[in-house]
Amino acid sequence: MTGPYEPDWAAVRRRVADAPWAARVLGALEADFGHWSGLPLPGPERPSAWTHHYFCDADGAPLRHDPATPDRHACTGCGKVYSGEPWDGAWRAITHNAAAAQAQRAALLLRLTGSRPARDELERVVGGYARRYRDYAPHGQAAGTGRVQPQGLDEAVWATGLLRAVRWAGDALTPATSAALDGLARDVAALLRPQAGAVHNIPCWLLAALAECAVRLGDTALLAWCRDSEFGVEAQVRRGFHDEGLWYEVNPHYHYYALAALLSYREAAGPAGLSATAAQRLARAVTAPPMLAYDDGRLPAYGDGWAECFTADFAPHAEAAWSLLPERPPSPAPYYAHPRPAPVRLWYGAQLPDGVAPPLTGRSSVAALVFGPGDLPPPPPDPPRSFVWPGAGIGLLRSGRVRAALRYGPDAGWHDHRDKLGVDVATATGWSSLDLGTSGYGSGFTAWLRSPVAHNTVTVGGRPQPPHTGRLVASSPGHLAAESAFDGHTLRRALTVTGDGWTDEFTVTPAAPDAIEWTFHGDGPFTADGEPALLTGDLGHAWLRDVRRLRAHAGVLRGAWDADGAPSLELTVPDGFEAYAALADGNPNGRPLGIVLLRGHAAQARVHARFTLPPPVP
């Protein structure tokens, strides 16, 4: 079989007629289509700007995109209002995305209902960009060069969505617009092809857009280059994913971002676009991340992952993979184990901002409608277990009461938070110690989220850890130990799950006597004997508040977090070290974040922490 994976539109129409969930998806698409109809397209007079600027400096929350206020942008958290550049430019970039998303809705409604307004809207949006594309001046920030969008990455996502909508619509457009689209595809290919020069999530999207351009133009040479060049899709899949299936940048959002790009490429390129080995490796990329999830379906936001991150959010990827990876179709069922209400998700390419349709629960995406199985397969029968992923360098322990992960693997590049031997924990009592993830990269609040003090790990010498790789020392279903070494310092951490909680032992041996700082955070303020104090430093300490110096007795600190289900803590304080407690913001679950911190100066330090959970409620 050659050519793209084209949806079976007659089968999709039958699905809408027979399956209530599919009818609800179509109804939501129609409502959102009406909301966005007539959206003015930002012209080429002013450039777009990086959408990572569209976040609040004070609390990291996104700003509210309102099509009616291109010069006023309020924080969705604290309400602070921003105006001028770069926020106005980011508003224009988001509006370009909204237009490409509208093109997808129009193509779907045209195919499923024959709507004349959908045909007219598709012609307006696509024709508007196709005829003026060269008028948008090339410009770039952070990730290459775009024309409509502020960088090559955003240009590729936008172009992928726009050209897919055109492909889905068949011959619906006028000959003049179709001819202009050929010119747009040639110009997009010329702009993006020179920028695809690494194994990274960004070139994955460039290749997806280039594949759509190649299919549009019938350019078989470009399509072959997308697959087999030095940094083509075969290389992205082979070198970008660890053997266990996790993308090398580790955090779930970039994992699924790269996966969405590669599935989008496969849709455009068709079966010939991937080797069988690469297709099977992509299928593992769908099945792997749910193994990391907490019991409520939340995924850990390692590194630059977004804090709100649940398996259900990524169900569209599994639905699409069902049809796009027929060599080894992964089941979407694990992604529906913890359903969450959500707006109807368009298939990838530009898909945000959302519309006005009320959230749906369960199968509620375009990918489910167009690509997914008729009925969901049954969920896997086996409960989750402890495991170690040597390639990714992640060990995870599960007992009846605790899920605890220890990360020791290779550096994940620019998105790594340099927190080797970091741990994250969730308990059956509902208490958790989560990785904080990140906010928009242009937000001041991200400086806190990336700081060492915001992570459950150790620093030496008053400096962040450098990029490096640790190693696994020992593992069993109830125990993990790993070691990390840099600049002559050696760090070793061991986790053990017990019947009533877990223990955590950290041994630090600096190259020479040096400053050592150990931090651990969890839900709720940490309560223990102490008095107000100041805590200075350059590792994120400026973001701490309500700091108290705690009193240890006979070298042991005892206390607990003030939150339902919280464990009590018994913590050894090495000779010459001081213990502190503080509060900070940024806990992904919205609860107060209570931090315990040890700091001192020594030739060696051993910190032993015993966490004891309250007894189960009958």
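Conventions and cut-offs
Per-chain numbering applies: the sequence of each chain, read as written, is numbered from 1 onward. Per-residue local features are limited, in this predicted model, to residues with pLDDT of at least 70; the limit for side-chain atom pairs, both in listing and counting, is 80 or more; totals at the level of whole chains, interfaces and linings are taken over all residues. Each side-chain value is worked out from all heavy atoms of the structure, with water and hydrogens disregarded. Here, any two strands with at least 2 DSSP bridges between them count as paired. A run of H or I in DSSP becomes a helix once it reaches four residues, and a run of E becomes a strand once it reaches two; helices and strands are each numbered from the N terminus. For every residue, the accessible area (1.4 Å probe, protein chains only) is compared with the maximum for its type, and the residue is labelled buried under 20%, exposed over 50%, or partly exposed between those bounds. In protein, a polar contact means a hydrogen-donor-capable atom and an acceptor-capable atom, both N or O and within 3.5 Å, with residues adjacent in sequence counting only if both atoms are side-chain atoms; elsewhere, any N or O pair within 3.5 Å suffices.

Colleague: What am I meant to see in the sheet that holds strand β6 (residues 394-398) here?
Modeller: Strands sit in the order β5-β6-β7-β8-β9 across an open sheet of 5 strands; the sheet is antiparallel. Every other strand in the sheet has two partners, leaving β5 (387-389) and β9 (432-433) as the edge strands with one partner each. Pairing of strand β8 (residues 422-427) with β9, which is carried by 2 bridges, proceeds in the antiparallel orientation. Looking at the pairing, A426 lines up with S432 of β9.

Colleague: What am I meant to see in the sheet that holds strand β23 (residues 605-612) here?
Modeller: Picture the strands of a sheet paired through backbone hydrogen bonds; they go either parallel or antiparallel. Overall, antiparallel pairing links the 8 strands, which are arranged β11-β12-β13-β14-β23-β20-β19-β16 in an open sheet. Looking along the sheet, the strands with just one partner apiece sit at the ends: β11 (471-476) and β16 (526-527). Looking at chain direction, strand β14 (residues 501-509) and β23 are connected through 8 bridges and run antiparallel. Bridged to T503 within β23 is R610.

Colleague: Could you clarify how one ought to interpret the pairing of strand β19 (residues 556-561) in this entry?
Modeller: The two faces of the sheet receive side chains in turn, since in a regular strand these alternate between them. Summarising the sheet, β16 and β19 pair through 2 bridges and their orientation is antiparallel. Note on β19: the bridge partner recorded for F526 is W561. Pairing analysis gives 5 bridges linking β19 to strand β20 (residues 568-572), with the strands arranged antiparallel. Within β20, the residue paired with G559 across the bridge is L569. Taking the residues between adjacent antiparallel strands as the criterion, β19 and β20 are bridged by 6 residues, where G565 takes a positive phi near 75°.

Colleague: Hey, could you run me through unusual backbone geometry in this one?
Modeller: Apart from glycine, the bulk of residues carry a negative phi angle, and the bulk of peptide bonds sit in the trans form. P86 follows E85 through a cis peptide bond whose omega is 10°. Structurally, P86 can be placed in the loop between β2 (81-82) and α3 (87-113). In this chain, L352 is followed by P353 through a cis amide linkage whose omega measures 5°. Summarising the element assignment, P353 is placed in the loop between α12 (315-324) and α13 (366-370). Positive phi is not limited to glycine here, since V250 has a value of about 75°. Looking at where V250 falls in the secondary structure, it is placed in the loop between α9 (233-240) and α10 (252-269).

Colleague: Teacher, can you tell me more about the pairing of β20 here?
Modeller: Side chains of β20 alternate between two faces, with L569 and L571 buried and S568, E570 and T572 left unburied. In this sheet, β23 lies alongside β20 in antiparallel orientation, the contact comprising 4 bridges. Considered in β23, the bridge of E570 is made with R610.

Colleague: Teacher, can you tell me more about the environment of Q102 here?
Modeller: Note that Q102 resides in helix α3. Overall, Q102 belongs to the buried group, its relative accessible area being 1%. Counting along the chain gives 66 residues from Q102 to W36, while the straight-line C-alpha distance between them is 6.7 Å. Only 3.0 Å separates the side chain of Q102 from the backbone oxygen of F33, close enough to count as a polar contact.

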